[in-house]
Amino acid sequence: MSRRLTPVLLTAALLAAGLAGCSTQTPDRAVAPPEPPKTSAPAPRVPAGTAPAEAFAVGVRQLKLNRGGDRPLPVTLWYPARGAAGEAARRDATAATGRFPVVAFSHGLDGRPVDYQVLLTRWAAAGFVVAAPTFPHTGKGTDGSVLDVLNQPADVSYVLDKVLALDARAGDPLRGRLATDRVGAAGHSAGGVTTIGLFTTGRDERLKAGVVLAGTGLGVGTAFAGAAAPQLFVHGEADEVVDYAAGKAVYDAVPWPKAMLSLPRGDHGRALLGDGPALRVVADTTIEFLRWSLYGDEAAKGRLPASAARGDVAVLDDRL
């Protein structure tokens, strides 16, 4: 007698195939069928502004959060700080003067925020506050429950609640330093699924932009909802974990202004975790995208094609 897969079991099977081993393993590939995108109003613009031209020093601090009492979410915060640019991030350094957009970053399966510190500290040095939680069931050293990825969009929204509240908390080092109306989300692999979910099934309307690194719509779908928010996808064409076609299918379904940075020789993660030519292209391109989408800096949008044009390292499909 044949066994009929329920939607829950089917989702579990797809997630297990497409995400298990985001860090090191090589599972079977699976491509989620695209869903018809919802129609959307023209992309809202954050108030026009100019991103900082200078690089900042970087500070780092930790927050201990717990959603519902049984979902511990320790958060690493990297932020622009006073001091000399280019130095290693300093713990609890004094925040730089200004109001800085906030980007929530989600790590991959069996990952940690610190794994991405080369990229994320560059974002902070460019004028962004990066809030990166460690998830309770997909972080390094946890039980590695792939299906818990579906709970992570709500985790990120909870983290944003707490982080954005620091802007008004008396005595907090980040009081008056957060641009609470200029918020974005980004993530890699399982964190890319989490990020997509924040614009589909778990839409957080505070988010003005998204950056999806080697992500797929498995489990969260491609029915992008709510106010339009520009999206930047980054995906290696030689990705051995999340097939490039799976990421491209989600990108094609985005009904809003979007761009996709393809890495012809890029795999699933090494280009993002090291400090080679591919990482430099990814860093430069994501920074210009965030400057445009969160600072409202039109000049940054104009620099996007040049940031991606580095020999044969990357190709940019620009539909912004």
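For the structure itself, look to the data block above.
Residues numbered from 1 in each chain as written. Predicted model: local features only at pLDDT ≥ 70, side-chain atom pairs only at ≥ 80, totals over all residues. Heavy atoms only, no water.

Asker: Looking at this structure, I do not really get the environment of Ala-126. What am I missing?
Answerer: Summarising the element assignment, Ala-126 is placed in the loop between α2 (117–125) and β5 (129–133). Classification of Ala-126 as buried rests on a relative accessible area of 5%. On a C-alpha basis, the gap between Ala-126 and Ala-85 in space is 10.0 Å, while along the polypeptide they are 41 residues apart. Leave out the neighbours within four places in its chain, and Ala-126 touches Pro-52, Phe-56, Ile-287 and Arg-291. (Helix = DSSP H or I, 4+ residues; strand = E, 2+ residues; numbered from the N terminus. Buried < 20%, exposed > 50% of the residue type's maximum accessible area, 1.4 Å probe, protein only. Contact = heavy atoms within 4.5 Å.)

Asker: Looking at this model, I keep getting lost on the nonpolar core. Mind explaining?
Answerer: Grouped burial of nonpolar side chains is what soluble globular proteins tend to show. If you look at the biggest cluster of nonpolar residues, it comprises 92 residues, and the most contacted ones within it are Leu-77, Phe-105, Leu-120, Trp-123 and Phe-289. Broken down by element, the residue count for this core peaks at eleven residues, all from helix α7 (residues 277–295). Discounting chain neighbours no more than four positions away, the residues touching Leu-77 are Gly-59, Val-60, Arg-61, Leu-63, Val-129, Val-130, Ala-131, Val-163, Leu-166 and Leu-174. (Core = buried A, V, L, I, M, F, W, Y, C linked by side-chain atoms within 4.5 Å.)

Asker: Where do I start with the packing of α7 against helix α8 (residues 298–308) in this structure?
Answerer: A packed helix pair is summarised by two numbers, namely the angle formed by the two axes and the spacing between the axes. Where α7 meets α8, the axes come as close as 7 Å, and the angle between the chain directions of the two elements is 165°. Taken as axis vectors, α7 and α8 run roughly antiparallel relative to one another. In this structure, α7 meets α8 at a crossing whose hand is left-handed. Facing α7, whose interface residues are Val-281, Asp-284, Thr-285, Glu-288, Phe-289, Arg-291 and Trp-292, α8 presents Glu-298, Ala-300, Lys-301, Arg-303, Leu-304, Ser-307 and Ala-308. (Axes fitted to C-alpha atoms, helices over the stretch in contact; angles between N-to-C directions. Parallel < 35°, antiparallel > 145°, perpendicular 65-115°, else oblique. Left-handed = near helix turned anticlockwise from the far one by under 90°.)

Asker: Is there a simple way to think about the sheet that holds β5 in this case?
Answerer: For sheets, the rule is that strands pair by backbone hydrogen bonds, running either parallel or antiparallel. The mixed open sheet is built from ten strands, whose spatial order is β3-β1-β2-β5-β4-β6-β7-β8-β9-β10. Both outer strands of the open sheet, β3 (90–91) and β10 (315–319), are each paired with one neighbouring strand and no more. Relative to β5, strand β4 (residues 100–106) runs parallel, the two sharing three bridges. Among the inter-strand pairings, Ala-104 is bridged to a residue of β5, identified as Ala-131. (Pairing = 2+ DSSP bridges.)

Asker: Quick question: what am I supposed to make of the packing of helix α3 (residues 152–165) against helix α4 (residues 190–197) here?
Answerer: The N-to-C vectors of α3 and α4 enclose an angle of 70°; their axes lie 8 Å apart at closest approach. Classified by the angle between their axes, α3 and α4 sit roughly perpendicular to one another. Residues Gln-152, Pro-153 and Val-156 of α3 form the contact with α4, whose participating residues are Ala-190, Thr-194 and Gly-197. Broken down by class, the residue content of the contact of α3 with α4 amounts to three nonpolar, three polar and no charged. (Nonpolar A, V, L, I, M, F, W, Y, C, P; charged D, E, K, R; others polar.)

Asker: So what exactly am I meant to see when it comes to the pairing of β4 here?
Answerer: In regular strands, side chains alternate between the two faces of the sheet. In terms of burial, β4 is a largely internal element, seven of the seven residues being buried. Both β4 and strand β6 (residues 178–188) contribute to a ladder of six bridges, which runs parallel. Each residue of the ladder has a partner; that of Val-102, found in β6, is Val-183.

Asker: For this particular structure, what's the right way to read unusual backbone geometry?
Answerer: The backbone of Ser-189 shows a phi angle near 60°, a positive value even though the residue is not glycine. For Ser-189, a relative accessible area of 0% translates into the label buried.

Asker: Please explain the packing of aromatic side chains as it appears in this structure.
Answerer: What the rule picks out here adds up to eight aromatic pairs. For the pair Phe-56 and Phe-100, a centre-to-centre distance of 5.4 Å together with 80° between the ring planes defines the contact as edge-to-face. Taken together, the positions of Phe-56 in the loop between α1 (7–19) and β1 (57–67) and Phe-100 in strand β4 put the pair 44 residues apart, joining distant regions of the chain. For the residue pair Phe-56 and Phe-100, the accessibility class agrees, reading buried in each case. Judged by centre distance (5.4 Å) and plane angle (70°), the rings of Phe-128 and Tyr-295 are edge-to-face. Here Phe-128 is found in the loop between α2 and β5, whereas its partner Tyr-295 is found in helix α7, with 167 residues between them in sequence. A connected cluster of aromatic rings, assembled from ring pairs, spans Phe-105, Tyr-116 and Trp-123. The cationic tip of Lys-258 hangs over the ring face of Tyr-251; the distance from NZ or CZ to the ring centre is 4.9 Å. (Phe/Tyr/Trp six-rings, centres within 6.5 Å; stacked < 30°, edge-to-face > 60°. Lys NZ or Arg CZ within 6 Å of the ring centre and 35° of its normal.)

Asker: Any chance you could explain the environment of Ala-53 here in plain terms?
Answerer: Along the chain, Ala-53 turns up in the loop between α1 and β1. Linking Ala-53 and Gly-127, residues 74 residues apart in sequence, is a C-alpha distance of 9.0 Å.

Asker: Is there a simple way to explain the environment of Gly-219 in this structure?
Answerer: For Gly-219, the location among the structural elements is in the loop between β7 (207–213) and β8 (231–236). Along the chain, Gly-219 and Thr-201 lie 18 residues apart, while their C-alpha atoms are 9.3 Å from each other.

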